[in-house]
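Results of the structural survey
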Amino acid sequence: MTTLTNDIPRVDGLAKLRGTARYVDDLRIEGLLHGATVRSPAPRGRITHIHFDPSINWNEFTIVTAKDVPCNELQLIEHEQPVLAGEEFRHKYEPILLLAHEDPELLKKAVRSIRIDYTPLPFLLDPRITPTTDLIQYKTDNVFKHLHIRKGDPGPIFAAAPHVVEATYETGLQEHVYLETQGMLAYHDPESGRLVVKGSLQCPFYVLKSLTHAFNQPDDYFAVIQTPTGGAFGGKEDFPSHIGVHAALLAHKSGKPVKIIYDRHEDMAATTKRHPSIVHHRTALDNTGKLLAMEIDILMDGGAYATLSAVVLSRGGIHAPGPYHCDHVHVNGRAVLTNSVPNGAFRGFGAPQTLFAIERHIDACAAQLGISPVDIRKRNFIHDGQTTATHQVIKDKVDMSSLLDHTLTYSDYDSRKKEHESFNKQHPYLRKGIGFATFMHGSGFTGSGETMLSSKAQVAGLPDGRVEVLIANTEMGQGTETTVRLIAAHRLGMQPEDIVFAHPDTSRVPNSGPTVASRTVMVVGKLIERAIDDLLTQIGAPRRSEAAGSLPSPKSALINWFKNNPNKPLLGNATYKKPDTIHWDDATYTGDAYAAYSWAVYLADVTVDLRTCNIKLEDFVAMQEVGKVIHPTLAAGQIQGGVVQGIGYALTEECIQHEGAMRNNQLTNYIIPTSGDLPPIRVLFEESPSDFGPQGAKGIGELPIDGPAPALLNAICHALGNQSLNIIPLTPERLLHTLSNTSDHEAPVSAAKLNPWEPTKS
């Protein structure tokens, strides 16, 4: 067997380092027009007239309205969101008109010159308000999804419990801040006859689905091709369907190539954000801190259209009880409509909101019972053989107590905690604290999602002995291309340079599903292994999974096969099949929500300055069990990047809303962490290989966004001796407001004073 090293150089790294990678805005086509969007001026209204400035020659422009769209619906989970608003609009910055022109400066002037006259309609911006009849815009109650998870009967348990702890936790919006803004290029390809849509995206087949629906055309009318993508984090999961259809409409009507590239202001103002949430916990415990019953209520603000709110709520609800075992759990959730810019996919997909709540709540329970945060968790960690709130039997071979002990020992937790408490008694204005969070994240689509996707992967043998991997999963900075090559090379016993990664193009690759949900390595990687096994069977080479010891490389076998079969294609195929051990009931939300979970312990060490309420992060340790680590450097980078994003979510990234839209839509006052704000982020891995992933790998991409916020807030609460800090982002202004209005640091802070739907007042 060929000896492989997994820390190979990143395949796409050199081109990006040198600046030779061709992003969508780098592409130039003869006759190119630039596209732009005219948007609604208010949260809700009925359009009465559109004024075109007579000083502009509109005959030079391509103009698309709702009437030009064959089927004016975006096809995501539901079809209720229009491609372009026709008679009414539901949120500020909703697209109404599309314009295209060869001169980008004249195009900007034209967009500014158009005035939308409208009759205002009643609008709703606070998801906590029960809508009156004139505010109902979705079904009968403005609720995109109701969620109910049931295990046991908490009612009698609460009546008899010696301790009941109750609190509310709130999280705000978060902007993706990918390096590359949204962008799409559409043109007619004379060779294939297809309308080609290229751009910065995560899910080519999602865009294809929306195109075929909006145009009322078959799949082969289009080709959707991913260009190098400068970050996504979920922000290029659902939204590229909007801009992709827009560019295609302009190209179709003009007969010319059209490129739409958002500037940063438009991107931040008009695109989806992380769902804000309010999570209420009511928990019954015995005198030792054992969880007896849990009631969890979740409210998420979906914005003006359904987008992916239903599945965001699903993942959030399933993760809401955390990595703990409890016999009596009820989780109730709602994702509701407001007349805000729609919220959508974001790394973590609902779990960061609910895991923040449970991990803050467990610390609050420990404080109320007078026991340590360590002991209460060890008393309640779920173990193999026990069941989650959905009645899933855990089989991950996880030992969370050991994972926690390893993290605490590595970080010198006990002595640092004592040192901090001693320091805090002596220093006049600095307060030090240390805290941690324990959590898990499911790999792959929730419930029956993978079965419904029925994803496919292919590998193609090439005449020179190399093997090409054909999947729809995209490289967007996380290392997919490099990791996929390693997975295929390992299965084949070849070198990574013998593997070719086919560029995602819907006219050429099969639909292996979207690049979301921590599924690419575990789910699609397993499909790649099976497709390779199929290819090896066809050429008569032994499968590595069925043989022991060293095997010759199949490279020579491939070359010989093509000598005997010239010009004949050689494809290995695999289609997802639900493992016999996985069972899920969508109607009752019971069963195996995920094939496997990744598990983690994150620890933060902070200093709080009481004069300025500035919070300085001194140290951060991220320990996780993610099955087999395929590429150690890329895996560590994923963790570090996710932690930084989680730090911003917890402390600085405040979306200030005005009329349901982001008012601080520029990077001068939407504050993300920089390298100067960060300590070393120390990353640790433990490996417990899973049967469901290639070489035992599990999902990793979303896990690191889940833990930083609760770990940080728990550390800050320890520093201040204050368990009332239950709202993020905890900006200095918010912390100052909290401390100024709390005479007793243990008194609760009113959610009415501080909530993520209102701007912080300095």
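A few points on the structure. Residue numbers here run from 1 along each chain, matching the order of that chain's written sequence. A pLDDT threshold of at least 70 governs which residues receive local features in this predicted model, and a stricter bar of 80 or more applies before side-chain atom pairs are shown or counted, although totals over entire chains, interfaces and linings include all residues. Based on all heavy atoms of the structure, the side-chain values leave hydrogens and waters out of the count.

With that settled, the discussion passes to the overall build of the protein chain. What counts as a helix is a DSSP run of H or I of at least four residues, what counts as a strand is a run of E of at least two, and both are numbered from the N terminus. From N to C terminus, the protein chain includes 19 helices and 28 strands. Dimensions of the protein chain along its principal axes, counting C-alpha atoms only, are 75 × 75 × 50 Å. The proportion of buried residues among the 762 residues of the protein chain is 61%. Sequence separation of 24 or more characterises 81% of the internal contacts of the protein chain that already satisfy a separation of 6 or more. For the protein chain, the accessible surface area stands at approximately 28400 Å², while carbon and sulfur atoms represent 52% of it. Burial classes: relative accessible area under 20% of the type maximum marks a residue as buried, over 50% as exposed, and values in between as partly exposed (1.4 Å probe, protein chains only). When checking whether two residues touch, look at their non-hydrogen atoms; a contact exists if any pair is within 4.5 Å. All accessible areas in this document rest on Shrake-Rupley with a 1.4 Å probe, and a residue is counted as covered only by the protein chains that are shown.

Before going further, it helps to spend a moment on the pairing of strand S5 (residues 95–101). Within S5, 7 of the 7 residues are buried, which leaves the element mostly enclosed by the surrounding structure. Pairs of strands are assigned from DSSP output, requiring at least two bridges between the strands. Here 6 bridges tie strand S1 (residues 33–39) to S5, and the two strands are oriented antiparallel to one another. Looking at the pairing, Arg-39 lines up with Pro-95 of S5. Alignment of strand S3 (residues 62–64) against S5, held across 3 bridges, turns out to be antiparallel. Within S5, the residue paired with Val-64 across the bridge is Leu-98.

With that settled, the discussion passes to the packing of aromatic side chains. Within a pair of aromatic rings, the relevant descriptors are the distance that separates the centres and the angle that separates the planes. Here a pair means two rings of Phe, Tyr or Trp (six-membered ring of Trp) with centres within 6.5 Å. Their orientation is stacked below 30 degrees between planes, edge-to-face above 60, and tilted elsewhere. Summed over all chains, the structure comprises 15 aromatic pairs. On the numbers, 4.9 Å between centres and 75° between planes, the contact of Tyr-221 with Phe-222 is edge-to-face. Centre to centre, the rings of Trp-561 and Phe-562 are 5.0 Å apart; their planes meet at 80°, and the pair counts as edge-to-face. As far as the burial class goes, Trp-561 and Phe-562 line up, both buried. Ring pairs connect the aromatic residues Phe-52, Trp-58 and Phe-61, which therefore count as one cluster. Seen from the ring of Phe-346, Arg-274 lies directly overhead, with NZ or CZ sitting 4.0 Å from the centre. It is Arg-282 that lies over the ring of Phe-158; its NZ or CZ is 4.0 Å from the centre. Only when the NZ of Lys or the CZ of Arg is both within 6 Å of the ring centre and within 35 degrees of the ring normal is a charge said to sit over the ring.

Another aspect to go through is the layout of surface pockets. Reported here for the second largest pocket is a volume of approximately 870 Å³. Elements represented by at least two residues in the lining of the second largest pocket include exactly S1, helix H2 (104–113), strand S6 (115–120), strand S12 (258–261) and helix H6 (264–270). Each residue is assigned to one class: nonpolar for Ala, Val, Leu, Ile, Met, Phe, Trp, Tyr, Cys and Pro, charged for Asp, Glu, Lys and Arg, and polar for all the others, Gly among them. Taken together, the residues that form the lining of the second largest pocket break down as 14 nonpolar, 6 polar and 11 charged. Cavity and pocket criteria rest on a 1 Å grid covering protein atoms alone: a 1.4 Å probe that fits but cannot get out defines a cavity, protein on both sides within 12 Å along at least 5 of 7 lines defines an open pocket, and an atom within 4 Å of a point defines a lining residue. Grid points are joined across faces, edges and corners, and a volume is the space filled by probe spheres set on the points.

Each helix should span, by expectation, one fewer than its residue count multiplied by 1.5 Å. Given a rise of 1.5 Å per residue, 12 residues ought to cover 16 Å, and the 17 Å separating the end C-alpha atoms of helix H4 (residues 204–215) matches this to within 8%. What H4 keeps buried is the set Pro-204, Phe-205, Val-207, Leu-208, Ser-210, Leu-211, Thr-212, His-213, Ala-214 and Phe-215. Note on H4: the residue one or two positions beyond its end, Asn-216, has a positive phi of about 55°.

Our focus in this paragraph is unusual backbone geometry. Cis peptide bonds are those with omega within 30 degrees of zero, and the linkage from Ile-728 to Pro-729 qualifies with 5°. Of note in the backbone geometry, Asn-567 takes a positive phi value of approximately 65° without being a glycine. Mapped onto the elements, Asn-567 comes out in the loop between helix H15 (555–564) and strand S20 (571–575). Looking at Asn-567, the relative accessible area reads 83%, which means it is exposed. The phi angle at Cys-613 is positive, at roughly 60°, despite the residue not being glycine. Summarising the element assignment, Cys-613 is placed in the loop between strand S23 (596–609) and strand S24 (614–625).

A pairing counts as a salt bridge when a side-chain nitrogen of Lys or Arg comes within 4 Å of a carboxyl oxygen of Asp or Glu. One pass over the full model with this rule turns up 32 salt bridges. Between Glu-481 and Arg-485 there is a salt bridge whose closest N-O contact spans 3.1 Å. Pair noted here: Glu-481 and Arg-485 are both in helix H13 (residues 480–492), with a separation of 4 residues, about one helical turn. Glu-481 sits in the buried class, given a relative accessible area of 16%. Linked through salt bridges whose partners overlap, the residues forming this network are Arg-10, Asp-12, Lys-16 and Glu-475.

Quick look at the sheet that holds strand S2 (residues 45–51) now. Spatially, the 3 strands line up as an open sheet ordered S4-S2-S6, and their pairing is antiparallel. Both edges of this open sheet fall to strand S4 (88–89) and S6, since each of them pairs with a single strand only. The pairing of S2 with S6 spans 6 bridges and is classified as antiparallel. Across the sheet, His-49 pairs through a bridge with Asp-117, a residue of S6.

Take the sheet that holds S20 next. Hydrogen bonding along the main chain pairs the strands of a sheet, whether they run parallel or antiparallel. Strands sit in the order S19-S18-S17-S20 across an open sheet of 4 strands; the sheet is mixed. The open sheet is flanked by strand S19 (499–501) and S20, the only strands paired with a single partner. Recorded for the sheet is a direction-independent mean angle of 20° between the axes of neighbouring strands. The sheet contact formed by strand S17 (residues 456–461) and strand S18 (residues 467–470) spans 4 bridges and is antiparallel. Comment: axis = line fitted to C-alpha atoms, over the contacting stretch for helices; angle = value between 0 and 180 degrees taken between N-to-C directions.

With that out of the way, let us pick up the packing of H4 against helix H5 (residues 240–254). For the pair H4 and H5, the least separation of the axes is 9 Å and the interaxial angle reads 45°. Classified by the angle between their axes, H4 and H5 sit oblique to one another. Of the two elements, H4 crosses H5, and the hand of that crossing is right-handed. Residues Tyr-206, Val-207, Ser-210, Leu-211, Ala-214 and Phe-215 of H4 pack against Pro-240, Ser-241, Gly-244, Val-245, Ala-248, Leu-249 and His-252 of H5. Our angle categories are set so that under 35 degrees counts as roughly parallel, over 145 as roughly antiparallel, 65 to 115 as roughly perpendicular, and the remainder as oblique. Two helices cross in a left-handed way if the nearer one is turned anticlockwise from the farther one by less than a right angle. They cross in a right-handed way if the turn is clockwise.

Looking now at the nonpolar core. We call a set of buried residues a nonpolar core when its members are Ala, Val, Leu, Ile, Met, Phe, Trp, Tyr or Cys and they connect through side-chain atoms within 4.5 Å of each other. Of all hydrophobic cores here, the largest spans 102 residues; its most connected members are Trp-599, Tyr-602, Leu-712, Ile-716 and Leu-735. Ranked by residue count, the leading element in this core is helix H8 (residues 351–369), at 10 residues. In terms of nonpolar packing, the next biggest core, distinct from the first, is built from 38 residues, Val-64, Leu-74, Ala-248 and Leu-470 among them.

What follows covers the side chain of Gln-478. Residue placement: Gln-478 occurs in the loop between S18 and H13. Polar contacts here mean pairs of N or O atoms no more than 3.5 Å apart (in protein, one a potential hydrogen donor and the other a potential acceptor; neighbouring residues in sequence count only if both atoms are side-chain atoms). Engagement of the side chain of Gln-478 in a polar contact is seen with the side chain of Thr-480, the distance being 2.7 Å. Setting aside anything within four residues of it in sequence, one finds Gln-478 in contact with Arg-10, Thr-515, Leu-634 and Gln-638.

As a further point, take empty space enclosed by the protein. One way to see where empty space is left: roll a probe the size of a water molecule over the atoms. For the coordinates displayed, the defined rule picks out 7 cavities of 30 Å³ or more. For the largest cavity, the calculated volume is near 120 Å³. Together, 18 residues line the largest cavity, and Gln-81, His-91, Phe-239, His-242 and Ala-270 are the ones closest to its centre. Split into classes, the residues belonging to the lining of the largest cavity amount to 9 nonpolar, 7 polar and 2 charged.

With that settled, the discussion passes to the pairing of strand S13 (residues 277–285). For S13, a buried count of 7 out of 9 residues is recorded, marking the element as mostly surrounded by other parts of the structure. Sheet analysis places strand S8 (residues 163–171) next to S13, joined by 9 bridges and oriented antiparallel. Paired with Tyr-169 across the two strands is Val-279, which belongs to S13. Pairing of S13 with strand S14 (residues 291–303), which is carried by 9 bridges, proceeds in the antiparallel orientation. Bridged to Ser-277 within S14 is Met-300. If you look at the hairpin formed by S13 and S14, you'll find 5 residues sitting between the two strands, and Gly-289 has a positive phi there, around 95°.

Turning to its location among the elements, Lys-109 is positioned in helix H2. Classification of Lys-109 as partly exposed rests on a relative accessible area of 45%.

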